[in-house]
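# Per-entry structural report
Chain by chain, the residues:
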Amino acid sequence: MSSDDLFRLWQLHLVDKAILEIRSQAASLDPGKKLMSEITKLEAQAKEADDTYKALHGEQTDIELKQKGIDDKVKKFSQDLYGGKVVNPREVESFQKEIELLKKQRGDLDGRLLELWDLVPPAKKEADSAHEAIQTKKAELADYQKRVVAHRAKLEAAFKEATAKRPLALEKVDKGMLARYESIRQKHNGLGMSRIEKNGSCELCGTLLPRKTIETAKEGRWVTCEDCHRALYWSESIV
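Described in the following lines is the structure provided in the data block. Only a predicted model underlies this, so the values are computations on that prediction, with no experimental measurement involved. (Residues numbered from 1 in each chain as written. Predicted model: local features only at pLDDT ≥ 70, side-chain atom pairs only at ≥ 80, totals over all residues. Heavy atoms only, no water.)

## Thoughts on the packing of helix α2 (residues 33-82) against helix α3 (residues 89-171)
Axes are the key here: two packed helices are described by the angle between their axes and the distance separating the axes. Contact geometry of α2 with α3 gives a least axis separation of 5 Å together with a crossing angle of 160°. When the axis of α2 is compared with that of α3, the two are roughly antiparallel. Remark: the crossing between α2 and α3 carries left-handed chirality. (Axes fitted to C-alpha atoms, helices over the stretch in contact; angles between N-to-C directions. Helix = DSSP H or I, 4+ residues; strand = E, 2+ residues; numbered from the N terminus. Parallel < 35°, antiparallel > 145°, perpendicular 65-115°, else oblique. Left-handed = near helix turned anticlockwise from the far one by under 90°.)

## Digging into the packing of aromatic side chains
In this description, a pair of aromatic rings is defined by centroid distance and the angle of the planes. Across all of its chains, the model carries one aromatic pair by this definition. If you follow Lys124 out to its NZ or CZ, it ends over the ring of Tyr53, 5.9 Å from the centre. (Phe/Tyr/Trp six-rings, centres within 6.5 Å; stacked < 30°, edge-to-face > 60°. Lys NZ or Arg CZ within 6 Å of the ring centre and 35° of its normal.)

## Examining the environment of Glu203
Within the secondary structure layout, Glu203 lies in the loop between β1 (193-195) and α5 (211-218). Counting along the chain gives 38 residues from Glu203 to Lys165, while the straight-line C-alpha distance between them is 24 Å. Here Glu203 is in contact with Lys17, Ser194, Arg195 and Glu197, once residues within four sequence places are set aside. (Contact = heavy atoms within 4.5 Å.)

## Remarks on unusual backbone geometry
Positive phi values are uncommon outside glycine, yet Asn189 reaches one of about 55°. Examined against the element boundaries, Asn189 turns out to sit in the loop between α4 (175-187) and β1. Look at His229: it is not a glycine, yet its phi comes out positive at around 65°.

Taken by themselves, the reported measurements are silent on function.
Structure representation (C-alpha coordinates):
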(Lines give C-alpha, C1' and ligand atoms only; values in the text may rest on other atoms or scores of the structure.)
Protein backbone atom coordinates (compact mmCIF):
# COMPACT_ATOMS: atom_id res chain seq x y z
CA MET A 1 0.00 0.00 0.00
CA SER A 2 1.40 3.39 -1.00
CA SER A 3 0.54 6.97 -0.14
CA ASP A 4 -0.91 7.22 -3.64
CA ASP A 5 -3.35 4.41 -2.80
CA LEU A 6 -4.54 6.29 0.27
CA PHE A 7 -4.80 9.52 -1.70
CA ARG A 8 -6.99 7.83 -4.31
CA LEU A 9 -9.18 6.42 -1.54
CA TRP A 10 -9.42 9.92 -0.07
CA GLN A 11 -10.61 11.23 -3.43
CA LEU A 12 -13.35 8.59 -3.42
CA HIS A 13 -14.24 9.59 0.12
CA LEU A 14 -14.62 13.23 -0.95
CA VAL A 15 -17.06 12.15 -3.64
CA ASP A 16 -19.02 10.05 -1.15
CA LYS A 17 -19.01 12.92 1.33
CA ALA A 18 -20.31 15.33 -1.31
CA ILE A 19 -23.12 12.90 -2.22
CA LEU A 20 -24.11 12.55 1.43
CA GLU A 21 -24.09 16.31 1.97
CA ILE A 22 -26.30 16.84 -1.09
CA ARG A 23 -28.73 14.20 0.12
CA SER A 24 -28.79 15.76 3.57
CA GLN A 25 -29.52 19.21 2.15
CA ALA A 26 -32.27 17.82 -0.06
CA ALA A 27 -33.86 15.99 2.87
CA SER A 28 -33.81 19.12 5.01
CA LEU A 29 -35.46 21.36 2.42
CA ASP A 30 -38.41 23.05 4.08
CA PRO A 31 -41.55 23.50 1.93
CA GLY A 32 -42.47 26.50 4.07
CA LYS A 33 -44.01 24.88 7.15
CA LYS A 34 -43.68 28.02 9.27
CA LEU A 35 -45.38 30.18 6.65
CA MET A 36 -48.10 27.56 6.18
CA SER A 37 -48.72 27.57 9.93
CA GLU A 38 -48.92 31.36 9.93
CA ILE A 39 -51.43 31.24 7.06
CA THR A 40 -53.55 28.72 8.98
CA LYS A 41 -53.63 31.04 12.00
CA LEU A 42 -54.48 34.03 9.81
CA GLU A 43 -57.31 32.08 8.16
CA ALA A 44 -58.74 31.28 11.60
CA GLN A 45 -58.53 34.96 12.54
CA ALA A 46 -60.13 35.94 9.22
CA LYS A 47 -63.01 33.52 9.80
CA GLU A 48 -63.60 34.97 13.24
CA ALA A 49 -63.52 38.51 11.81
CA ASP A 50 -65.87 37.48 9.00
CA ASP A 51 -68.29 35.90 11.45
CA THR A 52 -68.30 39.03 13.60
CA TYR A 53 -68.87 41.31 10.61
CA LYS A 54 -71.60 39.11 9.15
CA ALA A 55 -73.40 38.93 12.49
CA LEU A 56 -73.31 42.72 12.97
CA HIS A 57 -74.20 43.47 9.35
CA GLY A 58 -76.97 40.90 9.46
CA GLU A 59 -78.37 42.47 12.61
CA GLN A 60 -78.19 45.90 10.97
CA THR A 61 -80.10 44.67 7.94
CA ASP A 62 -82.67 42.95 10.14
CA ILE A 63 -83.24 46.12 12.19
CA GLU A 64 -83.65 48.24 9.07
CA LEU A 65 -86.29 45.80 7.81
CA LYS A 66 -88.06 45.86 11.17
CA GLN A 67 -87.97 49.67 11.14
CA LYS A 68 -89.59 49.71 7.72
CA GLY A 69 -92.26 47.32 8.93
CA ILE A 70 -92.96 49.48 11.96
CA ASP A 71 -93.05 52.62 9.84
CA ASP A 72 -95.56 50.98 7.51
CA LYS A 73 -97.75 49.96 10.44
CA VAL A 74 -97.59 53.43 12.04
CA LYS A 75 -98.50 54.99 8.74
CA LYS A 76 -101.47 52.66 8.28
CA PHE A 77 -102.73 53.18 11.83
CA SER A 78 -102.31 56.94 11.48
CA GLN A 79 -104.21 56.97 8.19
CA ASP A 80 -107.03 54.95 9.73
CA LEU A 81 -107.02 57.06 12.88
CA TYR A 82 -106.93 60.47 11.28
CA GLY A 83 -108.64 59.62 8.03
CA GLY A 84 -112.05 59.29 9.58
CA LYS A 85 -112.25 55.49 9.45
CA VAL A 86 -112.05 55.18 13.26
CA VAL A 87 -114.61 57.18 15.26
CA ASN A 88 -115.32 54.97 18.24
CA PRO A 89 -113.51 56.45 21.29
CA ARG A 90 -112.32 53.05 22.44
CA GLU A 91 -110.95 52.22 19.02
CA VAL A 92 -109.29 55.63 18.84
CA GLU A 93 -107.64 55.00 22.20
CA SER A 94 -106.59 51.52 21.11
CA PHE A 95 -105.05 52.85 17.87
CA GLN A 96 -103.23 55.58 19.77
CA LYS A 97 -101.77 53.06 22.19
CA GLU A 98 -100.70 50.84 19.31
CA ILE A 99 -99.01 53.75 17.59
CA GLU A 100 -97.19 54.70 20.81
CA LEU A 101 -96.05 51.12 21.31
CA LEU A 102 -94.74 50.93 17.76
CA LYS A 103 -92.94 54.25 18.17
CA LYS A 104 -91.31 52.95 21.34
CA GLN A 105 -90.16 49.82 19.50
CA ARG A 106 -88.89 52.09 16.72
CA GLY A 107 -86.95 54.13 19.26
CA ASP A 108 -85.32 51.03 20.77
CA LEU A 109 -84.32 49.87 17.28
CA ASP A 110 -82.97 53.34 16.49
CA GLY A 111 -80.68 53.18 19.52
CA ARG A 112 -79.28 49.80 18.56
CA LEU A 113 -78.91 50.87 14.93
CA LEU A 114 -76.81 53.83 16.02
CA GLU A 115 -74.54 51.40 17.89
CA LEU A 116 -74.28 49.20 14.83
CA TRP A 117 -73.33 52.14 12.63
CA ASP A 118 -70.30 52.50 14.90
CA LEU A 119 -69.55 48.75 15.03
CA VAL A 120 -70.07 47.54 11.46
CA PRO A 121 -67.45 49.62 9.58
CA PRO A 122 -64.55 48.66 11.91
CA ALA A 123 -65.66 45.02 11.78
CA LYS A 124 -65.64 45.16 7.97
CA LYS A 125 -62.23 46.80 7.99
CA GLU A 126 -60.84 44.15 10.33
CA ALA A 127 -62.21 41.35 8.14
CA ASP A 128 -60.76 42.95 4.99
CA SER A 129 -57.39 43.44 6.70
CA ALA A 130 -57.35 39.79 7.77
CA HIS A 131 -57.88 38.64 4.18
CA GLU A 132 -55.24 41.04 2.90
CA ALA A 133 -52.79 39.61 5.44
CA ILE A 134 -53.55 36.11 4.16
CA GLN A 135 -52.91 37.13 0.56
CA THR A 136 -49.64 38.80 1.54
CA LYS A 137 -48.51 35.72 3.44
CA LYS A 138 -49.53 33.42 0.58
CA ALA A 139 -47.48 35.52 -1.83
CA GLU A 140 -44.55 35.24 0.56
CA LEU A 141 -45.03 31.46 0.67
CA ALA A 142 -45.19 31.22 -3.12
CA ASP A 143 -41.96 33.19 -3.45
CA TYR A 144 -40.27 31.04 -0.81
CA GLN A 145 -41.39 27.79 -2.44
CA LYS A 146 -40.17 29.08 -5.80
CA ARG A 147 -36.71 29.54 -4.30
CA VAL A 148 -36.88 26.09 -2.71
CA VAL A 149 -37.71 24.52 -6.08
CA ALA A 150 -34.76 26.36 -7.67
CA HIS A 151 -32.44 25.19 -4.89
CA ARG A 152 -33.71 21.63 -5.25
CA ALA A 153 -32.93 21.75 -8.98
CA LYS A 154 -29.37 22.84 -8.17
CA LEU A 155 -29.01 20.01 -5.68
CA GLU A 156 -30.29 17.50 -8.21
CA ALA A 157 -27.76 18.73 -10.76
CA ALA A 158 -24.96 18.58 -8.17
CA PHE A 159 -26.07 15.08 -7.15
CA LYS A 160 -26.05 13.91 -10.75
CA GLU A 161 -22.57 15.32 -11.23
CA ALA A 162 -21.24 13.78 -8.00
CA THR A 163 -22.69 10.32 -8.64
CA ALA A 164 -21.16 10.39 -12.13
CA LYS A 165 -17.72 10.92 -10.56
CA ARG A 166 -17.95 7.93 -8.22
CA PRO A 167 -17.45 5.09 -10.75
CA LEU A 168 -14.33 6.85 -12.07
CA ALA A 169 -12.93 7.36 -8.56
CA LEU A 170 -13.84 3.77 -7.66
CA GLU A 171 -11.77 2.29 -10.49
CA LYS A 172 -8.58 3.87 -9.15
CA VAL A 173 -8.83 2.51 -5.61
CA ASP A 174 -6.97 -0.61 -4.41
CA LYS A 175 -9.53 -3.42 -4.07
CA GLY A 176 -8.39 -4.56 -0.63
CA MET A 177 -8.39 -1.03 0.71
CA LEU A 178 -11.77 -0.41 -0.89
CA ALA A 179 -13.29 -3.43 0.88
CA ARG A 180 -12.15 -2.13 4.28
CA TYR A 181 -13.35 1.38 3.43
CA GLU A 182 -16.80 0.17 2.37
CA SER A 183 -17.11 -1.91 5.54
CA ILE A 184 -16.37 1.14 7.70
CA ARG A 185 -18.67 3.30 5.59
CA GLN A 186 -21.64 1.00 6.17
CA LYS A 187 -21.18 1.29 9.95
CA HIS A 188 -20.70 5.06 10.04
CA ASN A 189 -23.54 6.60 8.04
CA GLY A 190 -21.70 6.53 4.74
CA LEU A 191 -18.45 8.21 5.82
CA GLY A 192 -15.48 5.81 5.94
CA MET A 193 -12.63 8.31 6.27
CA SER A 194 -11.71 11.37 8.28
CA ARG A 195 -9.03 14.03 7.93
CA ILE A 196 -6.50 14.65 10.66
CA GLU A 197 -6.87 18.26 11.78
CA LYS A 198 -3.91 20.58 12.32
CA ASN A 199 -4.27 20.15 16.08
CA GLY A 200 -3.93 16.39 15.72
CA SER A 201 -7.60 15.50 16.17
CA CYS A 202 -9.98 13.42 14.06
CA GLU A 203 -12.08 15.79 11.97
CA LEU A 204 -15.31 13.82 12.35
CA CYS A 205 -15.31 12.72 15.99
CA GLY A 206 -12.89 15.28 17.46
CA THR A 207 -10.72 12.71 19.26
CA LEU A 208 -7.09 13.75 19.86
CA LEU A 209 -5.00 11.16 18.07
CA PRO A 210 -1.81 9.52 19.41
CA ARG A 211 1.42 10.78 17.90
CA LYS A 212 2.20 7.33 16.48
CA THR A 213 -1.17 7.25 14.68
CA ILE A 214 -0.52 10.64 13.12
CA GLU A 215 2.98 9.64 12.00
CA THR A 216 1.60 6.48 10.40
CA ALA A 217 -0.97 8.53 8.51
CA LYS A 218 1.71 11.00 7.39
CA GLU A 219 3.61 8.07 5.88
CA GLY A 220 0.57 7.34 3.76
CA ARG A 221 -0.21 4.07 5.50
CA TRP A 222 -3.58 2.70 6.56
CA VAL A 223 -4.51 3.67 10.10
CA THR A 224 -7.83 4.25 11.81
CA CYS A 225 -9.14 6.53 14.54
CA GLU A 226 -9.21 4.73 17.89
CA ASP A 227 -12.61 6.23 18.70
CA CYS A 228 -14.73 6.33 15.53
CA HIS A 229 -12.64 3.71 13.68
CA ARG A 230 -12.65 5.59 10.41
CA ALA A 231 -9.61 5.48 8.14
CA LEU A 232 -7.46 8.57 8.68
CA TYR A 233 -5.95 10.84 6.08
CA TRP A 234 -3.31 13.49 6.66
CA SER A 235 -2.44 16.31 4.28
CA GLU A 236 -1.03 19.78 4.65
CA SER A 237 -3.17 20.94 1.76
CA ILE A 238 -6.94 21.38 1.76
CA VAL A 239 -7.38 18.46 -0.65
